[in-house]
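# Tertiary structure, described
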Amino acid sequence: MNLEKGEPNTPDKDKPPNITAQAVLYHPTAPTTIWMIHDLGDRELSCNPEILEFYGHTRKPPGLANPGGGLERGETVIQGIRREIQGETGFLDFEIVPLDSTRLDLLRYRHKGGHQVLMLEAHLRSLQQGKILEPEETDGGWWFDLAESLISQLMECPEKFSKDLFYWSHIRRLLLAVSQRDRQLRYDGSAGACIGHLVHPSGRLVFQVGVGDTRFPKAGFRIPSQTKKPKKDWYDFLRWLIENKIVDPDPDVVYQFFTEDIIMAKNAEELIEGTAASIELKLKSVEETNPEKGTKEETDAGDNEEEPDILRWQDAIIEARDFARTCAEEDERWKKWAEANARSD
């Protein structure tokens, strides 16, 4: 399968598609303004076990999202994203813009089970708009300016959308797509067309917050995308900001709302660091005491009573690190992009 060349996503037409394509859909004349749809939520969850598992057996609530959806059997990526944009927005005159001459999508996520999510870029050539063809999935959309506060725009959006919020993952993906395009523009010698430095700080809350602030973990604090109650998450935070009319949240505001979670994250980081250091010392001691035993894997646990505890701690640390790595690569890309913007300003 070659997604860049637009070949069908399922050579076996009897096999269910396993690819979702989403688009960042830009206004024809306002470079930081994008169209987001009002997603009515996933109605298929109750009958489609694959989608049910993908969303953690939790129904996706209504929210503001990038247009897009799953590719159909035998459909190319280009065909699929065109169908989704037309069906969910009604816009008829637009262009799909590849990342470069060899790659169509800006970002590609591979989820557990093999499901892929592709992020593409689309530019409207005109505001010609027809009827929404998928009214069971969306009842409209709204223009959002990445250079303005997401909170103030939520407070001003149409009444029928006012109770729903931006999906955490969709904001994150579209901003990463922006950073990816910026890198390509710089590579092509067109840095003047970059828009990433214009993104309002409220949008960046989907990335690590508080890096360098001693109240936060060293790596910063990532606002949870969704949690089981009573723990707080991204959606609780947005509602609280709107209720209190806080349109420019900074690390102080994040700390105020997530104080308990941040303290727990900081303590966990210190525990893991301390435990890791302790394990290193214990392993070094074991190796020095039993040099003939060789590597840890070769050491007989029966010869040292401490080793089983060491192994259990190591497993816990590995598990914690794997969990933290879920979004780490994205955060690193965002950091490099932010540093490049700072140098160019």
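Look above for the structure.
For the structure given in this document, a descriptive report is provided here. (Residues numbered from 1 in each chain as written. Predicted model: local features only at pLDDT ≥ 70, side-chain atom pairs only at ≥ 80, totals over all residues. Heavy atoms only, no water.)

Quick look at the side chain of Thr138 now. Inspection of the secondary structure puts Thr138 in strand 8 (residues 138–145). A distance of 3.0 Å separates a polar side-chain atom of Thr138 from the backbone oxygen of Gly140. (Helix = DSSP H or I, 4+ residues; strand = E, 2+ residues; numbered from the N terminus. Polar contact = N/O pair within 3.5 Å; in protein donor to acceptor, adjacent residues only side chain to side chain.)

Turning our eyes to something else, we now look at helix 5 (residues 234–243). Of all the 10 residues making up helix 5, 7 are buried; the element is thus mostly covered by neighbouring parts of the structure. Those residues of helix 5 that sit buried are Trp234, Tyr235, Asp236, Phe237, Leu238, Trp240 and Leu241. Tucked into the core, helix 5 has its buried residues touching helix 3 (150–156), helix 4 (168–187) and helix 6 (251–257). In this structure Asp233 caps helix 5, since a side-chain oxygen of it lies 3.1 Å from the backbone nitrogen of Tyr235. Looking one or two places after helix 5, you find Lys245, whose phi comes out positive at around 55 degrees. (Buried < 20%, exposed > 50% of the residue type's maximum accessible area, 1.4 Å probe, protein only. Contact = heavy atoms within 4.5 Å.)

Here the focus is helix 4. End to end, helix 4 covers 29 Å across 20 residues, agreeing with the expected 28 Å (1.5 Å per residue, within 8%). The element helix 4 is extensively covered by neighbouring structure, given that 16 of its 20 residues are classed as buried. (Expected span 1.5 Å × (residues − 1).)

The biggest cluster of nonpolar side chains holds 68 residues, and the ones touching the most others in it are Phe237 and Val254. For this core, the element with the most residues is helix 4, which contributes 7 residues. Counting residues domain by domain, this core receives three or more from each of domain 1 (19–40 + 53–195) and domain 2 (208–286 + 319–334). When neighbours within four sequence positions are excluded, Val254 is seen to be in contact with Leu205, Val209, Phe216, Phe221, Ile223, Phe237 and Ile262. (Core = buried A, V, L, I, M, F, W, Y, C linked by side-chain atoms within 4.5 Å. Domains from an automatic or database assignment.)

Most of strand 1 (residues 19–26) is tucked away: 8 of the 8 residues are buried. Going residue by residue along strand 1, you find Ile19, Ala21, Ala23 and Leu25 tucked away on one face and Thr20, Gln22, Val24 and Tyr26 tucked away on the opposite face as well. Alignment of strand 1 against strand 7 (residues 116–124), held across 8 bridges, turns out to be parallel. Looking at strand 7, one finds that Gln22 is bridged to Met119. Direction of pairing for strand 1 relative to strand 2 (residues 33–39): antiparallel, over a ladder of 2 bridges. Paired with Leu25 across the strands is Trp35, a residue of strand 2. Hairpin geometry of strand 1 and strand 2 is characterised by an intervening segment of 6 residues between the two adjacent antiparallel strands. (Pairing = 2+ DSSP bridges.)

For the structure on display, the rule yields 11 salt bridges. Two residues, Arg83 and Glu84, come together in a salt bridge whose shortest N-O distance is 3.0 Å. Residue Arg83 is classed as partly exposed on the basis of its relative accessible area of 22%. A salt bridge links Arg215 to Asp252; the shortest N-O distance between them is 2.7 Å. Here the residue Arg215 occupies a position in the loop between helix 4 and helix 5, and Asp252 occupies one in helix 6, the gap between them amounting to 37 residues. By relative accessible area, which is 46% here, Asp252 ends up partly exposed. Because the salt bridges share partners, they merge into one network encompassing Glu72, Glu75, Arg83 and Glu84. (Salt bridge = Lys/Arg side-chain N within 4 Å of Asp/Glu carboxyl O.)

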